[in-house]
Amino acid sequence: MFIPYRAMENRVVAALDEAGFGGMTVAQRRLFQRIGHKGTRLTDLAEQAQVTKQAAGFLVDQLERDGFVERAPDPADGRARLVCYSERGTKLVELATAAGTEVEQEWTEYLGERDMAQLRRLLTKLREITDPYQ
């Protein structure tokens, strides 16, 4: 599973580089991928990315400096802040999604519709027992 994942990741990163969104480190990407569409608290990002709160804060500072994220008040708790996608970050997500979709289409052509559907179903089922943050 690692080799196909890495191949897709490399294609997505290459597409982002080509579109002028390069330079994000692996650690930054790992954290960025865990941001929810309505924002996520720093402590939750740290836990999900399996890094310390201090490391997560450092990475968010870098992402904020580069214009990918912004911090906003948490409507559920006025004392807390959410890490949210900025406009630039949202564009990056859109480009990454499009690149991932292109790879999936190529894999579907190679495997066939039936096998690709089965692969997706089985990987989704495995996620039930492997991703505590889904």
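J.: I'm lost on the layout of surface pockets in this one. Help?
T.: Leftover empty space is mapped by rolling, across the atoms, a probe with the size of a water molecule. Approximately 2300 Å³ is the volume found for the largest pocket. In terms of lining, the largest pocket is formed by 44 residues, of which the most central are Tyr-5, Met-8, Gln-33, Arg-34 and Arg-127. At the level of elements, helix H1 (2-18), helix H2 (26-32), helix H3 (42-49), helix H5 (87-111) and helix H6 (113-130) are the ones that each hand at least two residues to the lining of the largest pocket. When the residues that make up the lining of the largest pocket are grouped by side-chain class, the tally is 26 nonpolar, nine polar and nine charged.

J.: Help me understand the sheet that holds strand S3 (residues 77-85), please; the structure alone is not making it clear to me.
T.: In a beta sheet, neighbouring strands pair by backbone hydrogen bonds and run either parallel or antiparallel. Strands sit in the order S1-S3-S2 across an open sheet of three strands; the sheet is antiparallel. A strand with exactly one partner marks an edge of an open sheet, and here the two such strands are strand S1 (40-41) and strand S2 (69-74). Judged from the two bridges that link them, S1 and S3 form a sheet pairing that is antiparallel. Bridging across to S3, Thr-40 finds its partner in Val-83. Running over the sheet, helix H4 (residues 53-65) touches S2 and S3 and is turned about 115° from S2.

J.: I keep staring at the side chain of Asp-74 and nothing clicks. Help me out?
T.: Position of Asp-74 relative to the elements: it lies in strand S2. Since its relative accessible area comes to 8%, Asp-74 is described here as buried. When sequence neighbours within four positions are dropped, the list of residues in contact with Asp-74 reads Arg-41, Ala-80, Arg-81 and Leu-82.

J.: Whenever I open this one, a nonpolar patch on the surface confuses me. Can you help?
T.: There is a patch of nonpolar side chains on the surface, built from Met-1, Tyr-110, Leu-111, Leu-119, Leu-123, Leu-126 and Ile-129 and spanning about 780 Å² of accessible area. Put simply, the parts of the chain that give the nonpolar patch at least two residues each are H5 and H6. For the nonpolar patch, the leading source of residues is H6, giving four residues. Tracing the chain through its elements places Ile-129 in helix H6. Looking at Ile-129, the relative accessible area reads 71%, which means it is exposed.

J.: Where do I start with the pairing of S2 in this structure?
T.: A regular strand places its side chains on the two faces of the sheet in alternate fashion. Two elements, S2 and S3, share six bridges in a ladder whose sense is antiparallel. Bridge pairing in S3 places Ala-72 opposite Leu-82. Remark: two residues form the turn of the hairpin made by S2 and S3, two consecutive strands paired antiparallel.

Definitions and limits used
- Residues numbered from 1 in each chain as written.
- Predicted model: local features only at pLDDT ≥ 70, side-chain atom pairs only at ≥ 80, totals over all residues.
- Heavy atoms only, no water.
- 1 Å grid on protein atoms, 1.4 Å probe; cavity = no way out; pocket = protein on both sides within 12 Å on 5 of 7 lines; lining within 4 Å.
- Points joined across faces, edges and corners; volume = space filled by probe spheres on them.
- Helix = DSSP H or I, 4+ residues; strand = E, 2+ residues; numbered from the N terminus.
- Nonpolar A, V, L, I, M, F, W, Y, C, P; charged D, E, K, R; others polar.
- Pairing = 2+ DSSP bridges.
- Contact = heavy atoms within 4.5 Å.
- Axes fitted to C-alpha atoms, helices over the stretch in contact; angles between N-to-C directions.
- Buried < 20%, exposed > 50% of the residue type's maximum accessible area, 1.4 Å probe, protein only.
- Patch = residues over 30% accessible without salt bridge, like charges linked within 9 Å, V, L, I, M, F, W, Y side chains within 5 Å.
- Areas by Shrake-Rupley, 256 points an atom, 1.4 Å probe, with all protein chains shown as cover.
- Salt bridge = Lys/Arg side-chain N within 4 Å of Asp/Glu carboxyl O.

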